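# Coordinate analysis (summary)
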Amino acid sequence: MKAPDLIDFHNHFNFLPGWINSLTETFLGNQNSLDFLLGQLSHTGQKMVIGHALYAMPWYRDGLGEVLRYVKLLEQLGHETKNEIKIIKTKEDLYSEYKIGIVLHIESARWFYSDLTTLDRLQQSGVFGIIPIHYLSNWFGGSCDDVFSKFTCNTYQKDLTDQGKKLLDRMMKLKMWLDVSHMNDRTLRSSLEHFDGAVVASHIGLRKVINVDRNLGAESIDLINQKKGMIGVCAWSRITGKEHAQLKQMIDHLLDKKMEDQIFIGSDFGPPIHTAHGVKNIFNFFDVIKSVVGQEIAKKVSVTNALKFYEQALPD
Ligand SMILES: [Zn+2]
């Protein structure tokens, strides 16, 4: 059976509420619809895996119910499209027949309210990765975008909490991967000290090139590297730049650190993100990567590295 041709490790393609999709497509011209993706893939004969970040909007009272309802909808979509769209739950599934394979993970553990049984329920539904933090600090630890930290010029950074450590313990037991995107430096460091499983920073950039809190500093890159963790470059110009040269500088820096097998793509397409000139969809982004780092490295970044990660991280 055929391996996927392309992998985008983190995005929200077409799966956010309709008004968010309309916003990104109408005002930013980003092409996020599944119809568009399927059309392109049919045209090229390729199959693609997308790491879909499930997200419960803050106004939903029952986050778990919302996420599980959503997974059901995706399963239904699989039936309706005769498996053109398919949720990937095992290593073997990666090589099965589909046009778009979906690997599920969760962005923001805010709504778990430290109830660890939530993790078991999610894993049973095919969710294998967790991004505990999002734009706000929560019961797990601190966000890089925490407003109070900004006021104190980052002298105050909330750390990983005891409840957060328990979440990490449970994740290790369930063999889930930890995604450190959106964490502040302190929570990232403590999480990596505590966690002994697979690690990624799925949709991010480097401060060395674009100096924003949302990006990885030198220490965080080294900590991730020590764990043989993965770093996913994002298509959002706020963190990886408006110029393709900035994206190139970031990838080159990771190559200098001998991380060529640890870089993949986490586009973050779906939410209203501004992208670099000429990058309106994931295929444009794959092309830009190829143009800035060459075919050989681009192949690793666009599919091989993420595929190896999934082969280790997904259940048999
Ligand atoms: Zn995110």
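Residues numbered from 1 in each chain as written. Predicted model: local features only at pLDDT ≥ 70, side-chain atom pairs only at ≥ 80, totals over all residues. Heavy atoms only, no water.

## Looking at the coordination of the zinc ion
For the zinc ion, the full set of protein donor atoms is Glu107 (OE), His182 (NE2) and His203 (NE2), at a range of 2.0 to 2.2 Å. Spacing between the donor residues of the zinc ion along their common chain follows E-x74-H-x20-H. Here the residue Glu107 occupies a position in strand β4 (residues 100–107), and His203 occupies one in strand β7 (residues 199–204), the gap between them amounting to 96 residues. Residue Glu107 is classed as buried on the basis of its relative accessible area of 2%. On the basis of relative accessibility, which here comes to 0%, the residue His203 falls in the buried class. (Donors = N, O, S within 2.8 Å, 3.2 Å for Na, K, Ca; no water. Helix = DSSP H or I, 4+ residues; strand = E, 2+ residues; numbered from the N terminus. Buried < 20%, exposed > 50% of the residue type's maximum accessible area, 1.4 Å probe, protein only.)

## Examining the pairing of β7
Across the six residues that make up β7, a large majority, six, are buried. Bridge count between strand β6 (residues 177–179) and β7: two bridges; the pairing is parallel. Bridge assignment links Leu178 to a residue of β7, and that residue is Val199. In terms of handedness, the path from β6 via helix α7 (residues 185–194) over to β7 forms a crossover that is right-handed. Bridge analysis of β7 against strand β8 (residues 230–233) gives three bridges, and the strand direction is parallel. Considered in β8, the bridge of Val200 is made with Met230. On the question of chirality, the crossover connecting β7 to the parallel β8 by way of helix α8 (residues 218–226) is right-handed. (Pairing = 2+ DSSP bridges. Right-handed = clockwise from strand over helix to strand, strands pointing away.)

## Concerning unusual backbone geometry
Outside of glycine, negative phi angles account for most residues, and trans bonds account for most peptide bonds. Although it is not a glycine, Cys153 adopts a positive phi angle of roughly 50°. As for its placement among the helices and strands, Cys153 is situated in the loop between α5 (147–151) and α6 (162–173). A relative accessible area of 65% places Cys153 in the exposed class. Non-glycine residue Asp268 carries a positive phi angle of around 70°. Of note, Asp268 is situated in the loop between β9 (263–265) and α11 (282–313).

## Things to note about the packing of aromatic side chains
As enumerated under the stated definition, the model contains 13 aromatic pairs in all. A ring pair is formed by Phe148 and Tyr156, whose centres lie 5.3 Å apart and whose planes are at 65°; its orientation type is edge-to-face. For the pair Phe309 and Tyr310, a centre-to-centre distance of 6.4 Å together with 65° between the ring planes defines the contact as edge-to-face. One exposure class covers both Phe309 and Tyr310, and it is buried. Aromatic rings pair up to connect Phe9, Trp177, Phe264, Phe309 and Tyr310 into one cluster. (Phe/Tyr/Trp six-rings, centres within 6.5 Å; stacked < 30°, edge-to-face > 60°.)

## Things to note about the environment of Leu74
Secondary-structure assignment places Leu74 in helix α3 (residues 63–80). Residue classification places Leu74 among the buried residues on the basis of a relative accessible area of 4%. Taking the C-alpha atoms as reference, Leu74 lies 9.0 Å from Ile102; in sequence the two are 28 residues apart. In contact with Leu74, not counting residues within four places along its chain, are Phe15, His52, Ile87, Ile102 and Leu104. (Contact = heavy atoms within 4.5 Å.)

## Considerations on the environment of Ser114
Within the secondary structure, Ser114 is located in the loop between β4 and α4 (117–124). Residue class for Ser114 comes out partly exposed when judged on its relative accessible area of 24%. A sequence separation of 50 residues divides Ser114 from Gly164, and the C-alpha atoms of the two residues are 7.7 Å apart. Contacts of Ser114, omitting those with residues within four sequence positions, involve Trp139 and Gln163. Polar side-chain contacts of Ser114 include one of 3.3 Å to the side chain of Gln163. (Polar contact = N/O pair within 3.5 Å; in protein donor to acceptor, adjacent residues only side chain to side chain.)

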